[in-house]
Amino acid sequence: KEQKALQAFVTANGTTTLTQKASWVTSKDIKALPYPESGSLDLSENEKIIIDDIIDYYRDLIRLGEDSAAMKETAARVLPNFSKVFSQQINAIYKKKQLQVLQAQSWPGVLCQPFVFGDGAVDWQGADELRNKLDDLFHKQRGTTLHVTRIARIYDGNFIFLLKPDRKRYWLRSIALRDSDEVLADLRAQGF
């Protein structure tokens, strides 16, 4: 019943899983597995999200890098789930004016997912003019071996804009958990 969670535990905490062969598990890894007497790990929904992403994406991402599905595929299929998790996390704190998911805007290599507290719409007129500026902003080649990829969070009134590369790895549900924590910290610091 807890097979996926235990696989994720070995992957994340194992001594060789992420550093050597993906299928290499030592006896030390097995002995470190949690084994509650109740037989249940009693996982929260957020823990299950992290477990799913470790098993479905991160193992291959670490092993294959740029050749993994998380780096080769666009975010189109995972964006709705990202947005749902992100808004649920924010709405757990901001209950009066709920955060709403708006229609995403994309340019080659860059995706912008807007959200709004309460009601509102984004006027994307003239957005194509941003294409080259965004590409320059998000992708920088530093020397021959270092490539920097940036992400941005823009707060404008009751709007939040998340701008990131359009690769799947940046829009996974586990990343939504991290992003929502960072946004909540930003909002608190701004007195929102």
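Residues numbered from 1 in each chain as written. Predicted model: local features only at pLDDT ≥ 70, side-chain atom pairs only at ≥ 80, totals over all residues. Heavy atoms only, no water.

Visitor: I'd like a description of the overall build of the protein, backed by residues and values.
Guide: If you tally the helices and strands in the protein, you get seven helices and seven strands. The order of α-helices and β-strands along the protein, N terminus first, is α-α-α-α-α-β-β-β-α-β-β-β-β-α. Buried residues in the protein amount to 35% of all 192 residues. Carbon and sulfur atoms provide 50% of the accessible area of the protein, an area that totals close to 12000 Å². (Helix = DSSP H or I, 4+ residues; strand = E, 2+ residues; numbered from the N terminus. Buried < 20%, exposed > 50% of the residue type's maximum accessible area, 1.4 Å probe, protein only. Areas by Shrake-Rupley, 256 points an atom, 1.4 Å probe, with all protein chains shown as cover.)

Visitor: How would you explain the packing of helix α3 (residues 45-64) against helix α7 (residues 173-189) if you had to name every residue and give the values?
Guide: Between α3 and α7, the shortest axis-to-axis distance is 8 Å and the interhelical angle comes to 130°. Classified by the angle their axes make, α3 and α7 are oblique. Side by side, α3 and α7 meet where N46, I49, I50, D52, D53 and Y58 of the first sit next to R173, S174, I175 and L177 of the second. Residues belonging to the contact of α3 with α7 are distributed by class as follows: five nonpolar, two polar and three charged. (Axes fitted to C-alpha atoms, helices over the stretch in contact; angles between N-to-C directions. Parallel < 35°, antiparallel > 145°, perpendicular 65-115°, else oblique. Contact = heavy atoms within 4.5 Å. Nonpolar A, V, L, I, M, F, W, Y, C, P; charged D, E, K, R; others polar.)

Visitor: Lay out the pairing of strand β7 (residues 159-165) with the relevant residues and their values.
Guide: Of all the seven residues making up β7, seven are buried; the element is thus mostly covered by neighbouring parts of the structure. The pairing of strand β3 (residues 110-117) with β7 spans seven bridges and is antiparallel. Its bridge partner being in β7, L111 is matched across the sheet by K164. Two elements, strand β6 (residues 152-156) and β7, share five bridges in a ladder whose sense is antiparallel. Counted as the bridge partner of Y155 is I160 from β7. A loop of two residues connects β6 with β7, the two strands running antiparallel in sequence, and G157 in this loop sits at a positive phi of about 65°. (Pairing = 2+ DSSP bridges.)

Visitor: Explain the side chain of S68 residue by residue, including any values.
Guide: Its location among the elements puts S68 in the loop between α3 and α4 (69-72). For S68, the contacting residues outside a window of four places in its chain are D60 and L61.

Visitor: Residue-level account of the packing of aromatic side chains, with values.
Guide: Within the structure shown, the criterion is met by seven aromatic pairs. Centre to centre, the rings of F82 and W171 are 4.9 Å apart; their planes meet at 75°, and the pair counts as edge-to-face. Pair noted here: F82 is in helix α5 (residues 79-91) and W171 is in the loop between β7 and α7, with a separation of 89 residues, a long-range link. Seen from their ring centres, Y94 and F117 are 5.5 Å apart, and the 65° between their planes marks the pair as edge-to-face. In this pair, Y94 is assigned in the loop between α5 and β1 (99-101) and F117 in strand β3, connecting sequence segments 23 residues apart. Positioned above the aromatic ring of W171 is the side chain of K164, whose terminal nitrogen or guanidinium carbon lies 4.6 Å from the ring centre. (Phe/Tyr/Trp six-rings, centres within 6.5 Å; stacked < 30°, edge-to-face > 60°. Lys NZ or Arg CZ within 6 Å of the ring centre and 35° of its normal.)

Visitor: Tell me about the pattern of salt bridges, and please be specific about residues and values.
Guide: Close approach of charged atoms lets side chains of opposite charge pair. Under the criterion given, the structure shown has ten salt bridges. Across the pair E73 and K168 runs a salt bridge whose closest N-O atoms are separated by 2.4 Å. Taken together, the residues E73 in the loop between α4 and α5 and K168 in the loop between β7 and α7 connect sequence positions 95 residues apart. By relative accessible area, E73 is classed as partly exposed at 30%. With a relative accessible area of 3%, K168 lands in the buried category. The residue D179 makes a salt bridge to K164 at a minimum N-O spacing of 2.4 Å. Of this pair, D179 sits in helix α7 while K164 sits in strand β7; the two residues are 15 residues apart in sequence, bridging distant segments of the chain. With respect to class, D179 is no different from K164; both count as buried. (Salt bridge = Lys/Arg side-chain N within 4 Å of Asp/Glu carboxyl O.)

Visitor: Quick rundown of the packing of α5 against α7? Include the residues and the values.
Guide: Following both chains from N to C, one finds α5 and α7 inclined at 35°, their axes separated by 8 Å at the closest point. Seen along the crossing, α5 lies across α7 with a hand that is right-handed. Here N81, F82, V85, F86, Q89 and I90 of α5 come into contact with α7, specifically with R173, I175, A176, L177, D179, S180, V183 and L184. (Left-handed = near helix turned anticlockwise from the far one by under 90°.)

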